[in-house]
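A look at the structure
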Amino acid sequence: MKTALITGVTGQDGSYLAELLLDKGYDVHGMIRRSSVDYHERIEHLKGNKRFHLHYGDLGDSMSLVRIIGAVRPDELYNLAAQSHVQVSFDVPEYSGDVDALGCLRVLEAVRLCGLAESCRVYQASTSELFGKVEEVPQRETTPFHPFSPYAVAKQYGFWIVKEYREAYGMYCCNGILFNHESERRGETFVTRKITLAAARIAQGKQDKLYLGNLSSLRDWGYAKDYVQCMWLMLQQERPDDYVIATGEQHSVRDFCRLAFHCVGIELDFTGEGENEKGIDRRTGRVLVEVSPAFYRPTDVVNLWGDPAKARRELGWDPTSTPFEELVRLMVENDKELVRQHEEYRT
Ligand code: NAP
Ligand code: GDD
C-alpha cells in the first residue's frame, strides 16, 4: 500500500485528490491549518475513513513540515496548499510570496532533510497564471512565462525551484501547469462559482443582481475532478517532467454567465461596453448583471488557452471528458439545490 501526503487537503483539489487516492487504496495523510472553526466542509465525509489521517501544519512553518514529512514518510507528496486567489495576492503580496514561493522550497527541503530525496515523488501545483500576459496562443510547455500578479510571480519561483531540485539532486518532482479548473467545490469568490451561486439565488428570488469585473476575460475552464487524475498520472511516469493540463477550449466570463443563467431558465442579453455593460433578462427586461470596477485587477490575465497535446500523448489523459456545457450545468444544479436547502445560504 502506498502512502501519500497532501498539503491543501481542505481545498477544492485536495479534497478530490484525497478521494481519488483513497479509492486507489492509498494511505492518505493531509495537512490542515488550525482555524477557529474546526469544520472542513470539503473533507468532512472522509474523516471516519481509517486510511485518512490529518496533521496540523503550515507552509510557512518549516518545522511542522519536517515533523509531518518525517513521520509520514510519504511515497508521493502533493503540494497543493497555497494562497490561491489572484486578486487577493495584490492585497497580501508578502504572505502570498511566502506561502506560494518559499512554501514550495520548504516542502522540497523537508523531503531532503528527512532522507526521502530518492524515494518520495513530489507534485507541485503550478499554474497557467505563469503565462500571464501571454506571449503565445494557445499556451504549451514551451511558451515563455510572463507572470502578471504577485500570485503568479510567487508560483514562478515554485516552478523553478522544483526544476532546480530535479536537476541538482535528481529528485522526482513535477510541475503540473494546470489551467483553471472548477467544480461544485470551487471557492465562492472565484468567478465561476460566484456566477453559478448568483444565478441560483437570482432565479429563486434571493438576490437582485450580480456584480462582476472584466467580462471579456478568456479562460480555458476544465473540471477539477478530471484534473486531479493528471496529478496522480504525473507521479506514475518513468521520468519526472512538467505538463500543461487544459481542455484546449476557451470561453469568456460573459459566455460563462450566459450559460449559467440559461441553466436556471433565464436568457441574458449583454448590451453596452466596459463599465457600462449590462446583462439583461430577455423576458422581463430586468438588469441582472452589472460591472463593478471593484473587481478589476491592477494587472489582469485575459487570454488563457492551453494546448494539452503533451498530456494527451504522454499521460494518456482525455481533456474532453467533461465538456464546458456539462461543467457549468453540474455547478448550477449543485447551487440550485444548495440555495433551495438553505433559505439564507450565505447571501
Ligand atoms: P483552494 O481551494 O484555495 O485550496 C487551497 C488550500 O491551501 C486549502 O486547503 C488551504 O487551507 C491551503 N492553504 C492555504 N495557505 C496555507 C498555508 N499557509 N499552509 C497550509 N495550507 C494552506 O485551491 P485549489 O483550487 O484547490 O488549488 C489547489 C492548488 O492548485 C493551489 O496551489 C492553486 O494555487 C493551484 N492551482 C489551482 C488552479 C485552479 O484553477 N483551481 C489552477 C492552477 C493551479 P484552508 O482550507 O485552511 O484555507
Ligand atoms: N474572482 C473574480 N471575481 N474574477 C472575475 C470577476 C469577479 O467578480 N469578474 C471578472 N473576473 C475575471 C478575473 O479578472 C479573471 O480574469 C477571470 O475572471 C478569472 O478569475 P478567477 O476565477 O478569480 O480565477 P483566476 O484565473 O484569476 O485564478 C484561478 O485560476 C488560476 C489558473 O489560471 C485560481 O484558481 C488560481 O489559483 C489558478 O492558478
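Refer to the preceding data block for the structure.
From a predicted model like this one, the values you see are computed outputs, not experimental measurements. (Residues numbered from 1 in each chain as written. Chains lettered and ligands numbered in written order. Predicted model: local features only at pLDDT ≥ 70, side-chain atom pairs only at ≥ 80, totals over all residues. Heavy atoms only, no water.)

1. Concerning the packing of aromatic side chains
Going through the model one piece at a time under the given rule, you end up with 10 aromatic pairs. When the ring of Phe131 is compared with that of Phe145, the centres are 5.5 Å apart and the planes differ by 50 degrees; the resulting orientation is tilted. In this pair, Phe131 sits in the loop between β5 (121-127) and α5 (150-169) while Phe145 sits in the loop between β5 and α5, placing the two residues 14 residues apart along the sequence. Each member of the pair, Phe131 as well as Phe145, is classed as buried. Ring centres 5.8 Å apart and planes at 70 degrees place the aromatic pair Phe256 and Phe324 in the edge-to-face group. One end of the pair, Phe256, is in helix α8 (residues 253-263); the other, Phe324, is in helix α10 (residues 324-341), with 68 residues separating them in the sequence. These aromatic residues form a ring-pair network of at least three members: Phe131, Phe145, Phe159, Trp160 and Phe179. If you follow Arg112 out to its NZ or CZ, it ends over the ring of Tyr169, 3.9 Å from the centre. (Phe/Tyr/Trp six-rings, centres within 6.5 Å; stacked < 30°, edge-to-face > 60°. Helix = DSSP H or I, 4+ residues; strand = E, 2+ residues; numbered from the N terminus. Buried < 20%, exposed > 50% of the residue type's maximum accessible area, 1.4 Å probe, protein only. Lys NZ or Arg CZ within 6 Å of the ring centre and 35° of its normal.)

2. What to know about the packing of helix α2 (residues 62-72) against helix α4 (residues 93-113)
It is at 9 Å that the axes of α2 and α4 come closest, and there the two elements cross at 45 degrees. In terms of their interaxial angle, α2 and α4 are classed as oblique. Seen along the crossing, α2 lies across α4 with a hand that is right-handed. Here α2 contributes Ser62, Leu65, Val66 and Ile69 to the contact with α4, which in turn contributes Arg106, Val107, Ala110, Val111 and Leu113. Of the residues belonging to the contact of α2 with α4, the class tally is 7 nonpolar, 1 polar and 1 charged. (Axes fitted to C-alpha atoms, helices over the stretch in contact; angles between N-to-C directions. Parallel < 35°, antiparallel > 145°, perpendicular 65-115°, else oblique. Left-handed = near helix turned anticlockwise from the far one by under 90°. Contact = heavy atoms within 4.5 Å. Nonpolar A, V, L, I, M, F, W, Y, C, P; charged D, E, K, R; others polar.)

3. Structural notes on the environment of Glu290
With respect to the element layout, Glu290 can be found in strand β15 (residues 287-291). In this structure, the C-alpha to C-alpha distance between Glu290 and Ile280, residues 10 residues apart in sequence, is 9.1 Å. Filtering out sequence-adjacent residues up to four positions away, Glu290 remains in contact with Lys209, Leu210, Tyr211, Leu212, Glu277 and Lys278.

4. Quick notes on the sheet that holds strand β13 (residues 268-271)
Spatially, 4 strands are ordered β8-β15-β14-β13 in an open sheet, and the strand pairing comes out mixed. The open sheet has two free edges, formed respectively by β8 (210-212) and β13, since each of these has just one partner strand. Direction aside, the axes of adjacent strands within the sheet are offset by 20 degrees on average. Note: β13 against strand β14 (residues 278-281), 4 bridges, orientation antiparallel. Among the inter-strand pairings, Thr271 is bridged to a residue of β14, identified as Lys278. Strands in contact with helix α6 (residues 191-203) are β8 and β15; relative to β8, the strand with the most contacts, it is inclined by about 160 degrees. Packed on one face of the sheet, α8 meets β8, β13 and β15 and runs near 150 degrees to β13. (Pairing = 2+ DSSP bridges.)

5. Re the side chain of Ser89
Mapped onto the elements of the fold, Ser89 is located in helix α3 (residues 86-91). A relative accessible area of 0% means that Ser89 is categorised as buried. Setting aside chain neighbours within four positions, we find Ser89 in contact with Gln83, Ser96, Ser149, Pro150 and Tyr151.

6. Remarks on the sheet that holds strand β4 (residues 76-79)
The strand order across the open sheet formed by 7 strands is β3-β2-β1-β4-β5-β6-β11, and the pairing between neighbours is parallel. Where the open sheet ends on each side, the last strands, each with one partner, are β3 (52-56) and β11 (243-245). Ignoring which end each strand starts from, the neighbouring axes of this sheet average 20 degrees apart. Those strands touched by α5 are β5 and β6 (173-178), and its axis lies near 150 degrees from that of β6.

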